[in-house]
Amino acid sequence: MSTPCWIEVAVQTPAHSQVGGLLIYQCPFLVRPGQLVRVPLGQREVLGVVWTVQGVAPQDMPASAVRSVLAVLEGIGPLDTSWRLLVQFSAQYYQRSLGEVALSALPPQLRDLRPEQLARRLKKHTDRCVVQALPTHALSEEQNRVLAQMQQSPGPFLLFGSTGSGKTEVYLQAVERMLTADPQAQALIMVPEINLTPQLEERVQARFGTATVVSMHSGMTPAQRLKAWLAAHAGQARIVLGTRMAVFASMPQLQLIVVDEEHDPSYKQQEGARYSARDLAVYRGRLHNATVLLASATPSLESWHLSRPVNEGGRYVRLHMPSRIGTGLLPKVRRVDMNKQARRTVLSPPLLAALQARVERGEQCMLLLNRRGYAPVLHCADCGWKSQCKHCSAFRVFHKIDRTLRCHHCGLTERVPRACPDCGNADIAPIGRGTEQLEEHLGELLAHVKRPDGSPIRIARIDADSTRLKGALQSQLASVHAGEVDILVGTQMIAKGHDFRRITLVAAVNPDTALFSSDFRAPERLFALLMQAAGRAGRDAAQSATSEMWVQSFHPQHALFEALKKHDYPAFAASELAERTAADLPPISHQALLRADARSQEAAQALLNAARQALEELLNEDTATANLLTQVSLYPAVPMAMQRVADVERAQMLLESPSRMALQKVLWHLHGVLHQIRKQPEHKGVIRWLVDVDPQAI
Ligand code: ADP
Ligand code: ZN
Ligand code: ZN
């Protein structure tokens, strides 16, 4: 037994706590940084991560006031330095406490299980897996070139390749080479949403063996998550395939990180520490000296901008795969001018005719409408009543299937009233349309259409409503793959990543709203969605020459659709970046949002404006910090776009700067200011505040 030492431990601490989340304990036995310990906290016993080990007692605390560590978790090696640095950086950058980030990066069962229960789980982990990859395709010239380029520089890489160009194959090859070259090496593959791409999970497992690969995503049970985490931490699992949370997986031998569909907004966490898993992946790559590969057919403008030529300031290496595998061509894009259609046309005659012809030939089609439910709002023409949610600044959506009005924000669900609640008019009508109505409408319009064998047309819908039950999405996708569906109607859920082999026509029914959104990222999102959707058509090379992507629009000449027609992401990106540059928006500038939730909008804004004023006063006290104010713009508080959700009023304040560093420094000061102000009696109506660094929506 060695002499007692003093250690700093990260424990789960309340959000925003300024101590950085580290608490001091005495430790009667030898521990190392990164080890997991159980410590007393108040009346409880909690899990902690040893952060630093010190030989001398803290000066500002009597030794008797320092409590003792209760136990070290045996059998689990320390979390390595790179992991700890990643956590530390994330906490700092995203303005959260270290303890919160550290503990939420661990599987919940590690916190909750009794030590003896944990010991039992640990017995099961032993051997490291030997990778035995199955033989695969001969690579295309482009694939070979890209893999060779990856050998020639340390990266990070942005793999920009058309849908179906074989990007997945490239990164699986890169993983395979890495793992066979070094029997210890580990690779992390991140995907936006595993539930949407069960195929990829199967593909990776089939390729490398189920024992080699572990998954990490929120759909797993706590026991599965612990098992996967332990396997990765012990180095036994060679590949971790996971969603954004997997960026924090403990992988001591990490040598390669892949971020698939790197443009996907779901890489940004929307609660707690609002981290971007894509950005952290790049940071983590540096810490581990691991190769980072971001891949997309429509990169985020952030990554695209970062992969500009080095002499223009670029920091990523751009790799390009323009061609589809085989003789596969990208679908022909056809635009329908909705100004020329009869009023209130939902599905234009030429599109209907095209759908009919495809179904009669035995081909599959996909219709995309980014709005679920039957109609976004019910309306009384007599008195003007609308199905407003009483708790939110939103309308309740009409769902015909169960005749309910549902708020998609707070969940409030009620039966559809028989008559207008305000004036008693029995004739209340839906306005606008969602996927449910589109499915119904399509069924009526194409009721006479027969499949090649004379059987009736089959229409199916996939969206958040149709897939609520566990396993529903999988079985619905399977029936599309099996050819049991002729026309698939759905939201963006069906546009992402699926390798539908039989679809030859994809149509966006009403994509116009995103063209004129107040969110400056809306066009970028729409373009990515449409390119992704187009990528679903003609994936089977034999069909690709006749495959089509249809867009119905009142603005068919819009630059976005022009670029789509040419499958020209670079042209789209160039024009978007020019606009962003002119308006000083990301990725040219950097943003952060300070948000406040309160019982009233005034209270929410008052906190933000008081914080701004106090911050300016504080920074102006010193010339060094006053200089920061010239680099960071602080905007006045405004209501959020969704101003009220579940009776909570929400306001935000934007901070913007060309310098990430200056913005970070200001946020650091802001944090301190907020802790002071929050305590003042006039702000007691405030429920919570939070900071969102690099927000995805403003
Ligand atoms: P992406 O990720 O770019 O959409 P994938 O890697 O999924 O493309 O490849 C598209 C399809 O082409 C998949 O079915 C894949 O198995 C196949 N494929 C990929 N590379 C090759 C190759 N070199 N030869 C033959 N088929 C390939
Ligand atoms: Zn009415
Ligand atoms: Zn609501």
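Residues numbered from 1 in each chain as written. Chains lettered and ligands numbered in written order. Predicted model: local features only at pLDDT ≥ 70, side-chain atom pairs only at ≥ 80, totals over all residues. Heavy atoms only, no water.

## A short note on the coordination of the zinc ion (ligand 3)
Okay, so step 1: Surrounding the zinc ion (ligand 3) are the protein donor atoms C389 (SG), C392 (SG), C407 (SG) and C410 (SG), at 2.2 to 2.4 Å.
Okay, so step 2: Coordination at the zinc ion (ligand 3) is tetrahedral, judged from the four donor atoms that bind it and the angles of 105 to 113° they form at the metal.
Okay, so step 3: Of note, the zinc ion (ligand 3) draws all its donor residues from one chain, in the sequence arrangement C-x2-C-x14-C-x2-C. Taken together, the positions of C389 in the loop between β15 (377-380) and β16 (397-399) and C410 in the loop between β17 (404-406) and β18 (413-415) put the pair 21 residues apart, joining distant regions of the chain.
Okay, so step 4: Its relative accessible area of 0% is what places C389 among the buried residues.
Okay, so step 5: Given a relative accessible area of 29%, C410 falls into the partly exposed group. (Donors = N, O, S within 2.8 Å, 3.2 Å for Na, K, Ca; no water. Tetrahedral: all angles 85-135°; square planar, octahedral: opposite > 155°, others 65-115°. Helix = DSSP H or I, 4+ residues; strand = E, 2+ residues; numbered from the N terminus. Buried < 20%, exposed > 50% of the residue type's maximum accessible area, 1.4 Å probe, protein only.)

## Here we look at the coordination of the zinc ion (ligand 2)
Okay, so step 1: Around the zinc ion (ligand 2), the protein supplies C380 (SG), C383 (SG), C420 (SG) and C423 (SG) as donor atoms, at distances of 2.3 to 2.4 Å.
Okay, so step 2: Expressed as a motif, the donor residue spacing for the zinc ion (ligand 2) is C-x2-C-x36-C-x2-C. Remark: C420 occurs in the loop between β18 and β19 (428-431) and C380 occurs in strand β15; sequence separation between them is 40 residues. Summarising the burial analysis for this pair, C380 and C420 share the class buried.

## Notes on the packing of helix α19 (residues 623-631) against helix α20 (residues 660-678)
Okay, so step 1: Put simply, α19 and α20 touch, their axes get as near as 10 Å, and they point 120° apart. The chirality of how α19 crosses α20 is left-handed. Taking contact as the criterion, the partners of T625, L628 and Q631 in α19 are, on α20, A662, K665, V666 and H669. (Axes fitted to C-alpha atoms, helices over the stretch in contact; angles between N-to-C directions. Left-handed = near helix turned anticlockwise from the far one by under 90°. Contact = heavy atoms within 4.5 Å.)

## Structural notes on the domain arrangement of the protein
Okay, so step 1: Along its sequence, the protein is carved into domain 1 (5-116), domain 2 (141-321), domain 3 (332-372 + 434-583), domain 4 (375-432) and domain 5 (590-693).
Okay, so step 2: Averaged C-alpha coordinates put domain 3 and domain 5 at centres separated by 41 Å. (Domains from an automatic or database assignment.)

## Describing the site of ligand 1
Okay, so step 1: With respect to spatial proximity, 18 residues lie near ligand 1, and among them A138, Q143, G164, K167 and T168 are the closest.
Okay, so step 2: Measuring from an oxygen atom of ligand 1, one finds a backbone N or O atom of G164 at 2.8 Å.
Okay, so step 3: The contact in question runs from an oxygen atom of ligand 1 to an N or O atom on the side chain of R501, over 3.4 Å.
Okay, so step 4: Relative to its unbound accessible area of 550 Å², ligand 1 is 80% covered by the protein chains. (Near = heavy atom within 4 Å. Polar contact = N/O pair within 3.5 Å; in protein donor to acceptor, adjacent residues only side chain to side chain. Areas by Shrake-Rupley, 256 points an atom, 1.4 Å probe, with all protein chains shown as cover.)

## Some remarks on the nonpolar core
Okay, so step 1: Ranked by internal contacts, the top residues of the largest apolar core, which has 128 residues, are L106, L594 and L655.
Okay, so step 2: Beyond its immediate chain neighbours, meaning those up to four positions away, L655 contacts H590, Q591, A592, L594, V632, S633, L634, L663, V666, L667 and L670. (Core = buried A, V, L, I, M, F, W, Y, C linked by side-chain atoms within 4.5 Å.)

## What about the confidence of the model for the protein?
Okay, so step 1: Confidence along the protein averages 91 in pLDDT terms, with 96% of residues attaining 70 or more.
Okay, so step 2: Predicted confidence in the protein is weakest over helix α15 (residues 541-544), with a mean pLDDT of 69, and strongest over helix α9 (residues 277-288), with 98. (pLDDT = per-residue confidence, 0-100.)

## A closer look at the side chain of T491
Okay, so step 1: Positionally, T491 belongs in the loop between β21 (487-490) and β22 (503-508).
Okay, so step 2: Judged by its relative accessible area of 9%, T491 is buried.
Okay, so step 3: Not counting the four nearest positions on each side in its chain, T491 is found in contact with L368, L369, N370, R371, R372, T435, I462 and D463.

## Some thoughts on unusual backbone geometry
Okay, so step 1: Cis geometry marks the peptide bond from G155 to P156, where omega comes out at -5°.
Okay, so step 2: Mapping P156 onto the fold places it in the loop between α5 (141-152) and β6 (157-161).
Okay, so step 3: For the peptide bond that leads from P586 to P587, omega is 5°, which places it in the cis range.
Okay, so step 4: The backbone of Q95 sits at a positive phi, close to 60°, despite the residue not being glycine.
Okay, so step 5: Mapped onto the elements of the fold, Q95 is located in the loop between α1 (81-93) and α2 (98-104).

## Some thoughts on the side chain of R461
Okay, so step 1: Within the secondary structure, R461 is located in strand β20 (residues 459-462).
Okay, so step 2: Residue classification places R461 among the buried residues on the basis of a relative accessible area of 11%.
Okay, so step 3: In contact with R461, not counting residues within four places along its chain, are I401, T435, E436, E439, S466, Q476, L488 and V489.

## Focus on the pattern of salt bridges
Okay, so step 1: In the structure shown here, the tally under the stated rule is 35 salt bridges.
Okay, so step 2: Across the pair E562 and R335 runs a salt bridge, and its minimum N-O distance is 3.1 Å. Taken together, the residues span a long stretch of sequence, with E562 in helix α16 (residues 559-565) and R335 in strand β13 (residues 332-337) at a distance of 227 residues.
Okay, so step 3: The class for R335 is partly exposed, based on a relative accessible area of 26%.
Okay, so step 4: Note that R358 is salt-bridged to E548, the shortest N-O span being 3.4 Å. Here the residue R358 occupies a position in helix α11 (residues 349-360), and E548 occupies one in strand β23 (residues 548-553), the gap between them amounting to 190 residues. Residue R358 shares its accessibility class with E548, and that shared class is buried. (Salt bridge = Lys/Arg side-chain N within 4 Å of Asp/Glu carboxyl O.)

## Points about the packing of aromatic side chains
Here a ring pair, both rings aromatic, is described through the centre-centre distance and the interplanar angle of the planes.
Okay, so step 1: For the structure on display, the rule yields eleven aromatic pairs.
Okay, so step 2: Between W51 and W83, the aromatic rings sit 6.4 Å apart at their centres with planes inclined by 55°, giving tilted as the arrangement. Highlighted residues: W51 in strand β4 (residues 44-54) and W83 in helix α1, separated in sequence by 32 residues.
Okay, so step 3: Relative accessible area serves as the criterion here: at 7%, W51 is assigned to the buried category.
Okay, so step 4: A residue is classified by how much of its surface remains accessible, and W83, at 0% relative accessible area, is buried.
Okay, so step 5: Relative to F572, the ring of F527 lies with its centre 4.1 Å away and its plane at 10°, an arrangement referred to as stacked. With F527 in helix α14 (residues 522-536) and F572 in helix α17 (residues 569-583), this residue pair connects regions lying 45 residues apart in the sequence.
Okay, so step 6: Under the relative-accessibility criterion, F527 is labelled buried at 1%.
Okay, so step 7: Between the NZ or CZ atom of R318 and the centre of the ring of W304, over which it lies, the distance is 3.4 Å. (Phe/Tyr/Trp six-rings, centres within 6.5 Å; stacked < 30°, edge-to-face > 60°. Lys NZ or Arg CZ within 6 Å of the ring centre and 35° of its normal.)

## Remarks on the packing of α1 against α9
Okay, so step 1: It is at 10 Å that the axes of α1 and α9 come closest, and there the two elements cross at 145°. As α1 packs across α9, the resulting crossing turns out to be right-handed. For the pair formed by α1 and α9, the contact residues are S82, W83, L85, L86, F89 and S90 on the first element and L280, Y283, R284, L287 and H288 on the second.
Okay, so step 2: For the contact of α1 with α9, the class distribution of residues is seven nonpolar, three polar and one charged. (Nonpolar A, V, L, I, M, F, W, Y, C, P; charged D, E, K, R; others polar.)

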